[in-house]
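# Remarks on the overall topology
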Amino acid sequence: MWIWLHLITWIVLVGVILTAIVQKKTTRLGVTIARICYVVAIISGIILTGYAWQHSPVLTVFKILLAIGAIGFCEIFFSQTDHFSATKRWLLLAVIFAVGVVGLFLAGGYPFVR
């Protein structure tokens, strides 16, 4: 259950980020949804850390740091949407994608691979 909540939260967050990138502006609703996603992702991530730690402690620490950095990068993006270059927008998407790939690797591909 926690992994599904974590996965859905990150998918919603990616949707909010993509919407902000396409519109080249942020809305108060989008930022609020993103912040709720951060809280849910952090709580579910803390619960899932025990499982990931058994698989690979070093990669787990890397993913935690990467996820915290991605959240920080998202907040910077939301506060300065007008001033973000195309390169920084692509970098933001790459960081979010990297968090997802590392998370799926730590989960052993679950729920997509059994």
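As a starting point, this report considers the structure included with it. Starting from 1, residues in each chain are numbered consecutively following that chain's sequence as written. Local features in this predicted model are restricted to residues whose pLDDT is 70 or higher, and side-chain atom pairs enter the listing and the counts only when it is 80 or higher, whereas totals over whole chains, interfaces and linings include all residues. Side-chain figures throughout are based on the complete set of non-hydrogen atoms in the structure, without hydrogens or water.

Moving on: the nonpolar core. Put simply, a nonpolar core is a bunch of buried Ala, Val, Leu, Ile, Met, Phe, Trp, Tyr and Cys residues held in one set by side-chain atoms that sit within 4.5 Å of each other. Burial status follows relative accessibility: with a 1.4 Å probe on protein chains alone, a residue under 20% of its type maximum counts as buried, one over 50% as exposed, and anything between as partly exposed. I17 and F78 are the most contacted members of the largest nonpolar core, which has 27 residues in total. Among the secondary structure elements, those contributing two or more residues to this core are α1 (2-23), α2 (28-55), α3 (57-79) and α4 (86-106). Note on conventions: DSSP H or I runs of at least 4 residues are helices, E runs of at least 2 residues are strands, and numbering of each starts at the N terminus. Residue contributions to this core peak at 8 residues, all from α3. Excluding its chain neighbours within four sequence positions, the residues that come into contact with F78 are V16, I17, A20, T26, V31, A34 and Y38. Residue contacts are counted whenever heavy atoms from the two residues lie within 4.5 Å of one another.

The next thing to look at is the side chain of S44. You can see S44 is positioned in helix α2. Looking at S44, the relative accessible area reads 0%, which means it is buried. In contact with S44, other than residues within four places in its own chain, are W2, L5 and H6.

Here an axis means a line fitted to C-alpha atoms, over the contact stretch when the element is a helix, while the angle between two N-to-C directions is reported on a 0 to 180 degree scale. Here α1 crosses α4 at 175°, and the two axes come no closer than 11 Å. When the axis of α1 is compared with that of α4, the two are roughly antiparallel. Touching W10, V14, I17, L18 and I21 of α1 are R89, L92, L93, I96 and V99, all from α4. Grouping the constituent residues of the contact of α1 with α4 by class yields 9 nonpolar, no polar and 1 charged. Roughly parallel means an angle under 35 degrees; roughly antiparallel, over 145; roughly perpendicular, 65 to 115; everything else is oblique. The classification used treats Ala, Val, Leu, Ile, Met, Phe, Trp, Tyr, Cys and Pro as nonpolar, Asp, Glu, Lys and Arg as charged, and all other residues, Gly among them, as polar.

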